[in-house]
Amino acid sequence: MEIRKKLFKDKLNPPQVLALGFLSLILIGSILLNLPIASSSGSSIGYVNSLFTSASAVCVTGLTVLNTARDFTPFGQVIIITLIQFGGLGIMTLATVGYIIMGKKISFKERLMIKEQLNTESIQGIVKLTKKVIGYTFFLEMMGSLLLALRFVPMFGFEKGLAFSIFHAISAYCNAGFDIFGDSLIIFQNDYYVLLILSLLIILGGLGFTVYADLLAKDKLRKLTLHSKVVLIMTGSLLIIGTLSFLLFESSNPGTLGSMNFPSRLANSFFQSVSPRTAGFYSVDMSKIRETTIFSTIMLMFIGGSPGSTAGGIKTTTFACLLLTTISVVKGEEDVNCLNRRLPFETIKRAVSIFLIGLAIVFSTAIILTITDSSLKFINLLFESTSAFGTVGLSAGITDKLSTLGRLVITLTMYIGRVGPLTMAYAFAKRNKKRDFRNAPGNLMVG
């Protein structure tokens, strides 16, 4: 029996182990959330609903078919935040903690799996990086909890205020977007302090652990690696573009920013630029935003955060690579250059693959939803599909209106989005062996 287990384990490649690990965690969470003790009504919420909620928590998405504050008991809420923490840190990170505690040696294959999860280039120093990931995560969540407690404890009392602080700090840093206020952060739309603290946690969670390590190791920004520089530039650029877009499109909308003064409009526009990167909190009624804003938010959700972070999407570096490739083609340059460095062709191929696979998943999900939930508008279904793929959690107010089949489709999309489209492809697609020859070149007219 032990030999059979070993053979089965050895046949699985790192992407398969990663995919199955997340799936196992989702199934365990779905069983726990389906227990009557997890529901405020005292009866089961139904397995499809518990599966959806568990997948949303593990995949740090935040889409909900039930109200987390109203429909779940404290036990259910603890299960949800635990799944968020496990899903944010990742399966192999947690396994590494267990190995370190037990004093067990981490094998080469296990190091490969950690490398796959953290999306790093090399296995060199991977265990050391994993320890730093855990340290950064708990330190930033603790600091976020303390800062939020300064506001929540006076508002809700010590016990409740502290619980709210810890829950929302973890949810924000892990880019999950779950809340236990009942209507996300609408009650704090004029509280700049809360919006700023949560925005900082979301941004830090979406930068990526390798960027933290680089920032702490270097004393000057110009000494940062190319990856860190691109992540910081793209993150800053997208935040500015997103803020200005939301402010421009929604300032005259009475359902969102129209009734606010300018400082509140700016603060909420910034927060609604941060949240699609991929947190899922909202400080304005998302069901009332204009279609132009929906489209711009879809683009931000699709791009998402950065590699090796708790965020989803195709990632900022992938988008940067596509932009730079387009610029090089327009300029007639032979190489794709980035900050005085030439990008390898393998990197460009990977970026194009991630973009096309991601696009295919989003549109396929939206098209399927037009069949399962034909009464809902296509733009809202596309918004929901992108939110699920990017593990964002924002919704145009239709999640609880989805049919059972529609909920299962969104559950699958969240799962693929968290594991990663390319990782899923590597896990289950048949890989061709390298050939000793190359085909003769052929011409193909494009454009």
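This one's a predicted model, so the numbers in the text were calculated from it and none came from an experiment.

Rules used throughout
- Residues numbered from 1 in each chain as written.
- Predicted model: local features only at pLDDT ≥ 70, side-chain atom pairs only at ≥ 80, totals over all residues.
- Heavy atoms only, no water.
- Salt bridge = Lys/Arg side-chain N within 4 Å of Asp/Glu carboxyl O.
- UniProt positions renumbered as here; feature names shortened; annotations may be inferred.
- Helix = DSSP H or I, 4+ residues; strand = E, 2+ residues; numbered from the N terminus.
- Expected span 1.5 Å × (residues − 1).
- Buried < 20%, exposed > 50% of the residue type's maximum accessible area, 1.4 Å probe, protein only.
- Contact = heavy atoms within 4.5 Å.

Caption draft 1: The arrangement of the pattern of salt bridges in detail. As enumerated under the stated definition, the model contains six salt bridges in all. Notably, a salt bridge pairs Asp400 with Lys401, separated by 4.0 Å at the nearest N-O pair.

Caption draft 2: Focus on the UniProt feature "transmembrane region" (unreviewed entry) in the protein chain. In this numbering, the UniProt entry assigns the feature "transmembrane region" (unreviewed entry) to residues 12-33, 45-66, 78-102, 133-150, 193-217, 229-249, 351-371 and 405-429. Measuring from the first to the last C-alpha atom of residues 133-150 gives 26 Å, for a span that is 100% helix and 0% strand.

Caption draft 3: Summary view of helix H10 (residues 192-207). Its 16 residues place the ends of H10 22 Å apart at the C-alpha level, agreeing with the 22 Å of an ideal helix rising 1.5 Å per residue. Within H10, burial applies to Val194, Leu195, Ile197, Leu198, Ser199, Leu201, Ile202, Ile203, Gly205, Gly206 and Leu207. Remark: Gly208 follows H10 within two positions and exhibits a positive phi of approximately 105°.

Caption draft 4: Layout of helix H9 (residues 158-173). Taking 1.5 Å of rise per residue, the 16 residues of H9 would be expected to cover 22 Å, and the 22 Å separating its terminal C-alpha atoms lies within 8% of that figure. Turning to H9, its buried residues are Gly161, Phe164, Ser165, Phe167, His168, Ala169, Ile170, Ser171, Ala172 and Tyr173. Backbone geometry just downstream of H9 places Asn175 in the positive-phi region, at approximately 60°.

Caption draft 5: Quick look at the side chain of Asn380. Summarising the element assignment, Asn380 is placed in helix H17 (residues 378-389). Apart from the residues lying within four places of it in its own chain, the contact partners of Asn380 are Ile294, Ala396 and Ile398.

Caption draft 6: Structural view of the environment of Gly305. Along the chain, Gly305 falls in the loop between helix H14 (291-303) and helix H15 (316-331). Through-space distance from the C-alpha of Gly305 to that of Val231 is 8.7 Å; in sequence the pair is 74 residues apart. Sequence-distant contacts of Gly305, defined by excluding residues within four places in its chain, comprise Gly206, Arg277, Thr278, Ala311, Gly312, Lys315 and Thr316.

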